[in-house]
Amino acid sequence: MSRLDSFIRRLEAQRACLEYAAGQIRDLPGPVLEFGLGNGRTYDHLRELLPEREIFVFERAVNAHPDCIPDPAHLILGDVRATLPRIRLRLRSLAALAHLDVGTGDAARNAELAAWLSDALPPLLAAGAWVASDQRLRAPALAEHPPPAGIAHERYFLYHHRVKQQSCD
Ligand SMILES: C[S@@+](CC[C@H](N)C(=O)[O-])C[C@H]1O[C@@H](n2cnc3c(N)ncnc32)[C@H](O)[C@@H]1O
């Protein structure tokens, strides 16, 4: 497969996963967390899909289309490993959806960041929240969900945050 075809399929998978996850959270309150503003494409798509939601965007350096830059209250600037641990106080409630797109061309660095996010993200998610990610996450609280129909396995990842079991005590 050419790199062009591979790139197009990745974007198709990304869009399909975002649209699937956005559909799943219609009845689940809570903000959206977007990791990796980049050009602002997925942020723009998320705000179109979920116009009523508050979206917090994590990015270390803004380089987005001018129309796709969140207002300062919703743009969390800096390395996510420094900013995410401080965000809980700014969230009025736990997140209903998170989208992780912080991958670069460096596979070792991507794996390291994905491992860090696998630990750091779940405590910020509401029970029943959804996660779409460019990297595989490994967290007991995140159940991997198959991609939408027509999307190749492992091109993009979907997770459902497990609902806590009710205690019988
Ligand atoms: C693939 S781009 C995101 C593309 C974007 N979702 C879009 O659709 O335009 C990845 C972004 O993640 C950001 N990023 C990578 N590592 C980061 C980190 N540790 N903390 C914060 N941002 C990071 C990069 O600066 C880059 O803008």
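Residues numbered from 1 in each chain as written. Predicted model: local features only at pLDDT ≥ 70, side-chain atom pairs only at ≥ 80, totals over all residues. Heavy atoms only, no water.

So, about the sheet that holds strand β5 (residues 125-133). On the basis of which strands lie adjacent, the open sheet formed by 7 strands has the order β3-β2-β1-β4-β5-β7-β6 and mixed pairing. If you trace the sheet from one side to the other, it starts and ends with β3 (75-77) and β6 (142-145), each paired once. Pairs of neighbouring strands in the sheet enclose a mean axial angle of 20°, with direction left out of account. Pairing between strand β4 (residues 95-100) and β5: 5 bridges, direction parallel. The residue bridging leucine 97 from the neighbouring strand is tryptophan 130, located in β5. (Pairing = 2+ DSSP bridges. Helix = DSSP H or I, 4+ residues; strand = E, 2+ residues; numbered from the N terminus. Axes fitted to C-alpha atoms, helices over the stretch in contact; angles between N-to-C directions.)

Moving on to the site of the ligand. Taken together, the neighbourhood of the ligand is formed by 18 residues, with Thr42, Glu59, Val80, Asp101 and Arg109 sitting nearest. A distance of 2.5 Å is found between an oxygen atom of the ligand and a side-chain nitrogen or oxygen belonging to glutamate 59. In the model, a nitrogen atom of the ligand is placed 2.8 Å from a nitrogen or oxygen of the aspartate 101 side chain. Protein contacts shield 86% of the accessible area of the ligand, which totals 600 Å² for the unbound molecule. (Near = heavy atom within 4 Å. Polar contact = N/O pair within 3.5 Å; in protein donor to acceptor, adjacent residues only side chain to side chain. Areas by Shrake-Rupley, 256 points an atom, 1.4 Å probe, with all protein chains shown as cover.)

This next bit is on the environment of alanine 22. Structurally, the position occupied by alanine 22 is in helix α1 (residues 3-24). Among the residues examined, alanine 22 registers a relative accessible area of 1% and is labelled buried. Counting along the chain gives 12 residues from alanine 22 to glutamate 34, while the straight-line C-alpha distance between them is 13 Å. If near-sequence neighbours (up to four positions away) are discounted, alanine 22 is found in contact with Leu49 and Leu50. (Buried < 20%, exposed > 50% of the residue type's maximum accessible area, 1.4 Å probe, protein only. Contact = heavy atoms within 4.5 Å.)

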